[in-house]
Structures are given as C-alpha cells and as structure tokens.
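# Descriptive analysis of the structure
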Amino acid sequence: MRSNVFIHVQRTFACVAFVVLLLLGSVSPASAERAELVKAVDVEPVWTAHRVGFALLTHGDQQFVGYYDAQRRMTIAQRELGTSQWTYQKLDRVTGWDSHNYITMAVDVDEQLHVTGDMHNDPLFYLRTTKPLDITTLEQVPNMVGPEREHCVTYPRFIQGPSGELIFRYRDGGSGRGDDYYNVYHPDMQVWTRLVDEPLITGKGVKSAYATSPTLGPDGYFHMTWVWRDTSDASTNHHLSYARSRDLRNWTTAAGAPLKLPITFESCEVVDPVPSGGGMINGNTRLGFDHHDRVIISYHKYDQDGNTQIYNARFEDDAWKIYQTSDWDYRWEFGGGGSIPFRVRIGNVRPVGNGHLVLRYNYPGGSGRWLLDEKTLRPIPGRTGPPPTAPLPRALTRVTSDFPGMNIVRANDLGSVPDPRTRYLLTWEALGPNRDHPRGGDLPAPVMLRLIELQDPAGAR
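Residues numbered from 1 in each chain as written. Predicted model: local features only at pLDDT ≥ 70, side-chain atom pairs only at ≥ 80, totals over all residues. Heavy atoms only, no water.

### Brief notes about the overall build of the chain
The number of helices and strands found in the chain is 2 helices and 33 strands. Computed over C-alpha atoms, the radius of gyration of the chain comes to 23 Å, within 12% of the 23 Å expected from 2.2 N^0.38 for 461 residues, which places it in the range of a compact globule. Residues counted as buried form 53% of the 461 residues belonging to the chain. Considering only residue pairs separated by 6 or more positions, the chain has 55% of its internal contacts joining residues 24 or more positions apart. Carbon and sulfur atoms make up 50% of the accessible area of the chain, which amounts to about 20,700 Å² in all. Of the side-chain charges in the chain, 48 are positive and 52 negative, and the distance between the mean point of each set is 6 Å. (Helix = DSSP H or I, 4+ residues; strand = E, 2+ residues; numbered from the N terminus. Rg over C-alpha atoms; globule rule 2.2 N^0.38 Å. Buried < 20%, exposed > 50% of the residue type's maximum accessible area, 1.4 Å probe, protein only. Contact = heavy atoms within 4.5 Å. Areas by Shrake-Rupley, 256 points an atom, 1.4 Å probe, with all protein chains shown as cover. Lys, Arg positive; Asp, Glu negative; His and termini not counted. Charge placed at Lys NZ, Arg CZ, Asp CG, Glu CD.)

### So, the packing of aromatic side chains
Going through the model one piece at a time under the given rule, you end up with 24 aromatic pairs. With 5.4 Å between their ring centres and 65° between their planes, Phe-315 and Trp-320 make a pair best called edge-to-face. Across the pair, exposure class does not vary: Phe-315 and Trp-320 are buried alike. Between the NZ or CZ atom of Arg-93 and the centre of the ring of Phe-125, over which it lies, the distance is 4.2 Å. (Phe/Tyr/Trp six-rings, centres within 6.5 Å; stacked < 30°, edge-to-face > 60°. Lys NZ or Arg CZ within 6 Å of the ring centre and 35° of its normal.)

### Looking at the pairing of strand E4 (residues 73-80)
Counting buried residues along E4, 6 of its 8 residues qualify, which places the element largely inside the surrounding structure. Between strand E3 (residues 62-68) and E4, which pair antiparallel in sequence order, lie 4 residues; one of them, Arg-72, sits at a positive phi of approximately 70°. Looking at chain direction, E4 and strand E5 (residues 87-94) are connected through 5 bridges and run antiparallel. Note on E5: the bridge partner recorded for Ile-76 is Gln-89. Linkage of E4 to E5, two consecutive antiparallel strands, is achieved through a turn of 6 residues, within which Gly-82 is found at a positive phi near 90°. (Pairing = 2+ DSSP bridges.)

Following this line, the structure appears as structure tokens:
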C-alpha cells in the first residue's frame, strides 16, 4: 500500500511539474508528445544526387505532388485522399544540377491547377490544366503577360492576394540586374496581367533585391523584407530593407509614408545598413510578429568582433531598433555564386504567451529554439520554446541510405485540410546542393519519395 501511495505521489508531482514547466514556456504539449504516423504512401523513386525543392498541394479531396523522378524528369502526380493510387503526368522537361530549380503549384477559384518550376535565369516554364483538378490536361502556356520580361525567370511563387486572387511573383534578370514582377490571374478570361505596371522592386540594372514573399500579418498588412545584392557573389548582400501594403499595389514604409513604384535602392526604407561583406545573406531573412502585432525581422550579420550573430529588428517609436539575440564565438564565411549550403539557419519569431516569443536557430555550435523576452528580444537563460507543431515520429528523422552525405529532405503542404490535427508532408533523401555544378564519381541510387500523413496530438496546434 505504501509503495502504491508513493507511486501516486510521484505521478502527481510529475504532473504538477509538467504544468509548471508548460506555464513557464520550457515545454509544451507539442514537445511532450510526438505526432502519430497515420500512413506513408509511396509516390515513386526520385533523383537524389543534389537537393532541389519538390511541392505538395492538398485541395479538397485531391493531392498533387510535383517532383523530379529518377531520370530528373519533371513529374506531376495526383491521388484522391484515402487511396494509394497515383495518376502520373510526365512533362517534357528534364532538370539539370541547379538547386534553384524548385517546383511550385497553386489551384485557382475554378479549380484549375497551375504549375511552374525548373528555372534559374531561364525562360518562363508554366503549365495550367484545361479541366478542373485533372493533371492529364496540363498544357504549357508560353507566356503569362509577354516574352519581354519572361526570358530570365527565377524564384517563382504563387501567393493569394487580399481578395483571394491568385498572384504570381518572380524575378526577371540575374544577380546584380534583377527586377521583381507581380502578375494577377483573371479566371473569367483565363489570362494574366500585371498587378502593377512596372516592377515592384528594381535594381536598375546594377543590383538585385532578394525579397521574401509578402506575408499577411495579424495587423492586416502584407509585410516584405529584402536584402540588396550587387553581383552573383553572395558576400555582396547588403542593406536590409522593408515595405508593407494593404493590397499589394500600394506600398508604404513602416511609418506609413507612401513608396513610389518601382521601389529602388535610393527610395527604399532601410532597416539596417549592413555593408557588402557584412555577413548577411539572402534567403536567411525572416518575418515574424510579437504579441502586439509588431513585425520583427530576423537575420544575421557580423558583430564588431567579426563573429556571425543573429539580430532582430522591430519598429518602435517611429524607428527601427536592432537587437542582438545570439552571442556566438563563430564566423560563417561565405561567398561566391551558385546554391550555397547554409551553415546558419533561423526561423520566424512567433508569440507563445506570457510575454514570450520563440525563435528557432541552427548553426555548427548547436541548434534549438530560444524562448525570448519580448521586451529585450534576448534568450531567457535555461529556457527553450515550444515547436510550432508536434515533433515528427522518430522513424521520420533517421537517414536510411548508406551513401555518404545523404540528408532527409521534406516539403510541407502548400494547401490545406479540413481537420486541423491532420497534416501532410513529403519526405525523401538527397545529397546537398553542389553550387549548381555536376557531381563526379559515384552517385547515390534513386530513393522512394513518400507522402506522409500525420495526426497531431490534441492541443498541439
């Protein structure tokens, strides 16, 4: 009897301790319980000798997957939820060694599927179905608006506008001479036109703006941040910049001052004047928000000692205030062209209650999630923040290939599902990027691309 009472007391103490830790923010329901693997559906074997982004899109009871097969042929697959039967559409497109050549997709209000990808300073490659939700009717559309500014396309993205309209964003031109264009789709006529007549951002032929996709914040504004880059050399990134908009057509500074389009280096709002060679890189600037709906930009640069540090910028009292968040004795020296393996990665700041924020980080010295004090944007010693979703089952976190250097690669769902506890992702294994150059010698064999269905624990979201 005494032993049973002791066990009961132990369990009670453990439950109380868990609740206390949960309130303090050092654990969460998501971190305490992993997601359940419901089903793994094989798609087909895929290319593995370099990393390039695939796409998953759930729409209603249909799922679409865009990927490069074992022969690097661009492929779109489709299945009905609950089945393991795929329909495949092999496209007349074989990708090279460029890790920029990711695939992306969207469905419009008439349920036509739009597909694009395999572009890094290449002519636009874009397809659209002629029958709703039927990939066998995919047809290439030579141009969206016209060939004049669609011959050197990179970074294609489909986004949803403020009224639900389908918008396509891309860069025309290479590093050091690129312009950002936005098109809007008119489903009644099945045509695209410019969202704004000129580029949204232009480097005027002497630089490029590497911008995040506009992010709709809790304040009702679309927020966008970018770095300027002078050449194909990644070390020439400089001057962190920002703009916001209600409608993606009219843009202002953080204080509300109108910005004339196109936005240029001379006319933009500068958040942090990081110089060229200052340790800031495109692709590693993130937008997040605090409990007061204030936008926070996370990025890295060199500190006064030359070490790489994470910084957070927030607009306060009519000015941008810069906070140093990390205190690392580490310098990431990068440069040159091509796809660069990132040695530092950061997430988006997000609020988690009790005046705390969470920021994910990863660098050679460690990885994790800082629990930040909202006032100082500094990590709280001894505390870690909860993940945004339940951790993956351990079986999905282990590399199964015995080929040296293979990594797990995942793609999250671009669409949505009605059950908030259900989520889907793609997973496969591949080598990392190789500066967009071919690899010599032995190459890894193709591996199976799998679609994973997960069930999150109650309360994990």
